[in-house]
Amino acid sequence: MDNQNTLINEVTDRDYRFGFVSDIATDSIPKGLSEEVVRIISAKKEEPEFMLEFRLKAYRKWLTMKMPDWAQLTIPEIDYQDIIYYAAPRQQPKYESLDEVDPELLSTFAKLGIPLEEQKMLAGVAVDAVMDSVSVKTTFKENLAELGIIFCSFSEAVKHHPDLVQKYLGMVVPPNDNFYAALNCAVFSDGSFVYIPKGVRCPMELSTYFRINAKNTGQFERTLIIADSDSYVSYLEGCTAPMRDENQLHAAVVEIIALDRAEVKYSTVQNWYPGNKEGVGGIYNFVTKRGLCKGEYSKIYWNQVETGSAITWKYPSCILAGDNSVAEFNSVALTNNYQQADTGTKMIHLGKNTKSTIVSKGISAGHSSNSYRGLVRVAAKAENARNYSQCDSLLLGDHCGAHTFPYIEVGNQNSVVEHEATTSKIGEDQIFYCNQRGISTQDAIGMIVNGYAREVINKLPMEFAVEAQKLLQISLEGSVG
Amino acid sequence: MLIIKDLHASVEGKEILRGINLTINAGEVHAIMGPNGSGKSTLANVLAGNTNYEVTKGEVTFNGKDLLEMSADVRAKEGLFLSFQYPVEIPGVSMINFLKTAVNESRKYHQLKELSAGDFLKVMREKKELVQIDSQLTNRSVNEGFSGGEKKKNEIFQMAMLEPKLAILDETDSGLDIDALRIVANGVNLLKKPENATIVVTHYQRLLDYIVPDHVHVLYKGQIVKSAGKELVLELEEKGYDWIKKELGE
């Protein structure tokens, strides 16, 4: 046992691979939050009146709320007056060509292995790159526009499509939903907006790379995806963040609305800076993600691979309102060193014959704590609803923790809800078996963990799946050696 | 090829091997026999580098190198193969992916070019025939849901893929019916080359009907108490291990 622990300690001891800070001039407002700051943000973004009203309402609500304390997390006190709520790269104008873009910024993307233009274009992926808060470059917009697809930064959407924004913003996650969502509603800086018109199948994976960059700047992203009747879209979100000593707050909100027979696939690879080996620093990732299967036969899939952040509080959920709608949540959450994660999903069945599936794979190493928290609620009128949940935990070493908190509420007699859970440990004998075939312990761990997570990784779009596999391996490097 | 001198090893503080001396040359097949609990599997595991076993004394050289200095994966890459008595299951890891990684790690170690997917599959097809392993099995996860016999066949299949210099077969006959036994033994015999050596660990004679050893050693209470030619197998079969115990004055 001791051997394995030494091993695991070594692999988990590995430093964060993507830690670096880029030096880009930033235009920030002073620290702190007040009604005045909310007004400044809205004004800086030249927003219409309804947006300011939305923000102010949220801000006033937020003042009356408290940080949720029910999660299996130990969160240090956060001074919300010590955070800068708005930062934009100084060079405001949009560029015609890449030559005009700050080379430092481009090299940051290069370091992350994010091919902003040509490679992605060849790969058929449009990228809306969000650097801090303002979109730097949006590609493919024109191709998409021909199909009537809107894929742009949130600010642009507010300017050019205020009617859509006004109609759908806050429909799934209202400003009073929870503490972090209210904060986001009040101060969100930018994010992505997607609208797929009726009957259109989006021909490429839409992707956005978020990256926290300005020092001490909380990142408050806002994403709104609307899939009109009979449409389809696959959206990718992936992120890495630079090495940092002080903690950074990240409170994003993602809303998805699927109308009749629409299908939305939302895939995430999350790799925010997790803090160092001693648990110092790292991102606080307090995210509200929710989809609304509004129309009949609509489908929403959440696929996520979570390896980053010091603390994760995240429950991508679905409201199955339309009859015969379908929702899935497929998740791999890996915690190492002193990371804490309390993550899971909520499946709220309102419509008849609705179906949801939950597959959650937790991997804990080092001294980390990894919890699955899930709610399956079947309303009385949601006849013949079905849910299947599978929650597995994999432990590496014996200093980490895994917890499962399933909540099930069924309001009628003809619905079926199934829940399965397992907890396992990577066996010393499995590692030795691999060793004996010439596979190093590190590679063996990577292989076993990827095997364990395969079911979920297979749900990711191809290029993401490869990235996710590497990420799982890298995140555990140093945890066994 | 392999020289073991005064090897002592223990598990959880309990000494199991108490001074093993053994020399194995290229081209030879050695059988190590002995009653249950005599230390046969311990010897196999110690040679393969299982860290649950602690070597307390002695030395082992493998092709002129200090074997005990190497980690388990390096020993494997140096050409030492252990066919496990109880092969473990690794859910979610496909046999193909597992073997391809193993083969290519070894090739990298020897500064050879990694096999392409196409070449690898070609080699795999050839070797599969050798042990008559079902194609279905190689598409599944490592050992997952395999029957006892399939697991053992799979071990020999991996051996065929990795082409070791020294193969240690730890109770490879246990759990095999007579047909499977013949297939497995046949596979081992086909893989035999003048530059390779094999150690067959078993406590029955029946596997040795098919894999004929050049040398037979009886291990008892952590020591080799008798060594002879293949005729010893028959003698043991006839008289049982009690005969050895009597000879030792117990």
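Residues numbered from 1 in each chain as written. Chains lettered and ligands numbered in written order. Predicted model: local features only at pLDDT ≥ 70, side-chain atom pairs only at ≥ 80, totals over all residues. Heavy atoms only, no water.

Quick notes on the overall build of chain A
Scanning chain A from terminus to terminus reveals 12 helices and 23 strands. Taken across its 481 residues, chain A has 64% of its residues classed as buried. Look at the contacts in chain A between residues 6 or more apart in sequence, and 85% of them connect residues 24 or more apart. (Helix = DSSP H or I, 4+ residues; strand = E, 2+ residues; numbered from the N terminus. Buried < 20%, exposed > 50% of the residue type's maximum accessible area, 1.4 Å probe, protein only. Contact = heavy atoms within 4.5 Å.)

Overview of the pattern of salt bridges
If you walk through the whole model with that rule in mind, you get 28 salt bridges over all chains. One salt-bridge network, held together by shared partners, links Glu35, Arg39 and Arg60 of chain A. (Salt bridge = Lys/Arg side-chain N within 4 Å of Asp/Glu carboxyl O.)

Some points on the side chain of serine 317 of chain A
All names here are of chain A. Structurally, the position occupied by serine 317 is in strand 16 (residues 317-320). Within the structure, the side chain of serine 317 is placed 3.0 Å from the backbone nitrogen of lysine 346, a separation counted as a polar contact. Once residues within four sequence positions are removed from consideration, serine 317 is found in contact with Lys289, Arg290, Gly291, Trp302, Thr345 and Lys346. (Polar contact = N/O pair within 3.5 Å; in protein donor to acceptor, adjacent residues only side chain to side chain.)

Examining the sheet that holds strand 9 (residues 166-170) of chain B
Adjacent strands of a sheet form backbone hydrogen bonds with each other and so pair up, either parallel or antiparallel. All names here are of chain B. Across the sheet, six strands lie side by side as 6-9-10-3-11-12; this open sheet has mixed pairing. The two strands at the open ends of the sheet, each matched to only one other strand, are strand 6 (80-83) and strand 12 (223-228). Neighbouring strand axes in the sheet, compared pairwise and without regard to direction, differ in orientation by 20° on average. Bridging between strand 3 (residues 29-33) and strand 11 (residues 215-220) involves four bridges; their strand directions are parallel. Bridging from a neighbouring strand, alanine 31 pairs with valine 216 of strand 11. (Pairing = 2+ DSSP bridges. Axes fitted to C-alpha atoms, helices over the stretch in contact; angles between N-to-C directions.)

A short note on the interface of chain A and chain B
Listed by partner, the interface residues are 19 residues for chain A and 33 residues for chain B. Buried area between chain A and chain B, summed over both chains or domains, comes out near 2,100 Å², and the portion from carbon and sulfur atoms is 62%. When the buried surface of chain A facing chain B is broken down by residue, Phe432, Tyr433 and Arg437 of chain A rank first, second and third, together holding 35% of it. At the boundary of chain A and chain B, one finds one salt bridge. (Buried area = accessible area lost by both parts, 1.4 Å probe.)

Notes on unusual backbone geometry
Working note: non-glycine residues mostly have negative phi, and peptide bonds are mostly trans. The phi torsion at serine 309 of chain A lies on the positive side, around 70°, for a residue other than glycine. Along the chain, the position of serine 309 of chain A falls in the loop between strand 14 (299-306) and strand 15 (311-314).

Overview of the confidence of the model for chain A
All names here are of chain A. Taken residue by residue, chain A gives an average pLDDT of 82. The fraction at 70 or more is 78%. Scored below 50 in pLDDT, residues 7-12 makes 33 contacts in the model with residues more than four places away or belonging to other chains. For the stretch residues 117-127, pLDDT sits under 50, and the model shows 30 contacts to residues farther than four places along the chain or on other chains. (pLDDT = per-residue confidence, 0-100.)

Remarks on the sheet that holds strand 1 (residues 2-11) of chain B
All names here are of chain B. Spatial ordering of the open sheet is given by 2-1-4-5, a layout of four strands whose pairing is antiparallel. Pairing within the sheet leaves two strands with one partner each, and these edge strands are strand 2 (14-24) and strand 5 (65-66). Taken strand by strand, helix 1 (residues 40-48) contacts strand 1, strand 2 and strand 4 (53-62), and its axis lies near 110° from that of strand 1.

Topic: the environment of asparagine 45 of chain B
Within the secondary structure, asparagine 45 of chain B is located in helix 1. For asparagine 45 of chain B, a relative accessible area of 9% gives the class buried. Along the primary structure asparagine 45 of chain B and leucine 82 of chain B are separated by 37 residues, whereas in three dimensions their C-alpha atoms are 8.0 Å apart. Ignoring any residue separated from it by four or fewer positions in sequence, one finds asparagine 45 of chain B in contact with Phe432 of chain A together with Asn50, Tyr53, Leu82 and Asp170 of chain B.

Description of the packing of helix 2 (residues 35-44) of chain A against helix 3 (residues 49-63) of chain A
All names here are of chain A. Relative orientation of the contacting elements helix 2 and helix 3 amounts to 155°, with a least axis distance of 10 Å. Here helix 2 lies roughly antiparallel to helix 3, going by the angle between them. Where helix 2 crosses over helix 3, the two elements pack in a sense that is right-handed. Every residue of helix 3 that contacts helix 2 at Glu35, Val38, Arg39, Ile41 and Ser42 is listed here: Leu52, Arg55, Leu56, Tyr59 and Arg60. Here the contact of helix 2 with helix 3 is built from residues that sort into five nonpolar, one polar and four charged. (Parallel < 35°, antiparallel > 145°, perpendicular 65-115°, else oblique. Left-handed = near helix turned anticlockwise from the far one by under 90°. Nonpolar A, V, L, I, M, F, W, Y, C, P; charged D, E, K, R; others polar.)

Topic: helix 3 (residues 95-109) of chain B
All names here are of chain B. Its 15 residues place the ends of helix 3 21 Å apart at the C-alpha level, agreeing with the 21 Å of an ideal helix rising 1.5 Å per residue. By the burial criterion, the buried members of helix 3 are Met95, Phe98, Leu99, Thr101, Ala102, Val103, Asn104, Glu105 and Ser106. Phi turns positive one or two residues past the end of helix 3, at glutamine 111, with a value near 55°. (Expected span 1.5 Å × (residues − 1).)

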